[in-house]
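What follows is each chain in one-letter form.
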Amino acid sequence: MLGLKFETETSWVDVAKNGLQQLLTDHAFAEQKAAANATSIIINYSEETELVKDMADIAIEEMEHFRMVHNIMIEKGLVLGQATKNDYALKLQKFFPHTGNRTEALVHRLLVAALIEARSCERFKVFADNMDDAELSKFYLDLMISEANHYTLFLGYARKYMDREIVDKKWNDLLAFEADMMKSRGTIAKVHG
């Protein structure tokens, strides 16, 4: 369903479980960055009424996810650490060349956001399916559904703003780039690490 071209190895789950505080901190800040991205799209494309409405919903939902992750950390006696750069997202954002065309720039942003959500969805499922903590497993399975919905929304909007064939070519190129990048990941307790 997600179209990802590289599957996360279950060995990443052991890395994530052994670095749970780092994983949860990374996840909490990833939710904040997702909310900020949705807000930025609203600011930059305020004339797109339907897009603005959906991005507002996503921004609110992502901040609620941040609060949920933070509450889990508090329950587990963990403290939210410092935010670190998300090199995964930064590399994806640099995949597409800079363009002065607003529509094309929007499509690129939407595709990158779709892929981040798709990979998060996949990682959450792998994590949930391979852990002993029933509460955390349920939490990540529930979040997985939300990430999948965001993925389809972003991809659908990209296809709305540009010819489907062009968008699908860009999407497949981005998927191939990301798959190659993911082959060297899975060793750090981060959502996309």
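Note that the coordinates shown come from a computational prediction; the quantities given were computed from them, not determined experimentally.

To continue, consider the pattern of salt bridges. Any two side chains of opposite charge can pair, on the condition that their charged atoms come close. If you walk through the whole model with that rule in mind, you get 14 salt bridges. A salt bridge links arginine 119 to glutamate 122; its shortest N-O distance comes to 3.0 Å. Linking arginine 119 with glutamate 122, this pair stays in helix 5 (residues 102-129), spanning three residues, or about one helical turn. Across the pair, exposure class does not vary: arginine 119 and glutamate 122 are buried alike. The partner of lysine 125 in a salt bridge is aspartate 129, and the shortest N-O contact between them spans 2.6 Å.

We now examine the environment of aspartate 163. Structurally, aspartate 163 is set in the loop between helix 6 (134-161) and helix 7 (164-182). Note on aspartate 163: relative accessible area 47%, which makes it partly exposed.

Below, the discussion takes up the packing of helix 5 against helix 6. Put simply, helix 5 and helix 6 touch, their axes get as near as 7 Å, and they point 160 degrees apart. It follows that helix 5 is roughly antiparallel to helix 6 by the angle criterion. Note on packing geometry: the crossing formed by helix 5 with helix 6 is left-handed.

So, how was this worked out
- Residues numbered from 1 in each chain as written.
- Predicted model: local features only at pLDDT ≥ 70, side-chain atom pairs only at ≥ 80, totals over all residues.
- Heavy atoms only, no water.
- Salt bridge = Lys/Arg side-chain N within 4 Å of Asp/Glu carboxyl O.
- Helix = DSSP H or I, 4+ residues; strand = E, 2+ residues; numbered from the N terminus.
- Buried < 20%, exposed > 50% of the residue type's maximum accessible area, 1.4 Å probe, protein only.
- Axes fitted to C-alpha atoms, helices over the stretch in contact; angles between N-to-C directions.
- Parallel < 35°, antiparallel > 145°, perpendicular 65-115°, else oblique.
- Left-handed = near helix turned anticlockwise from the far one by under 90°.

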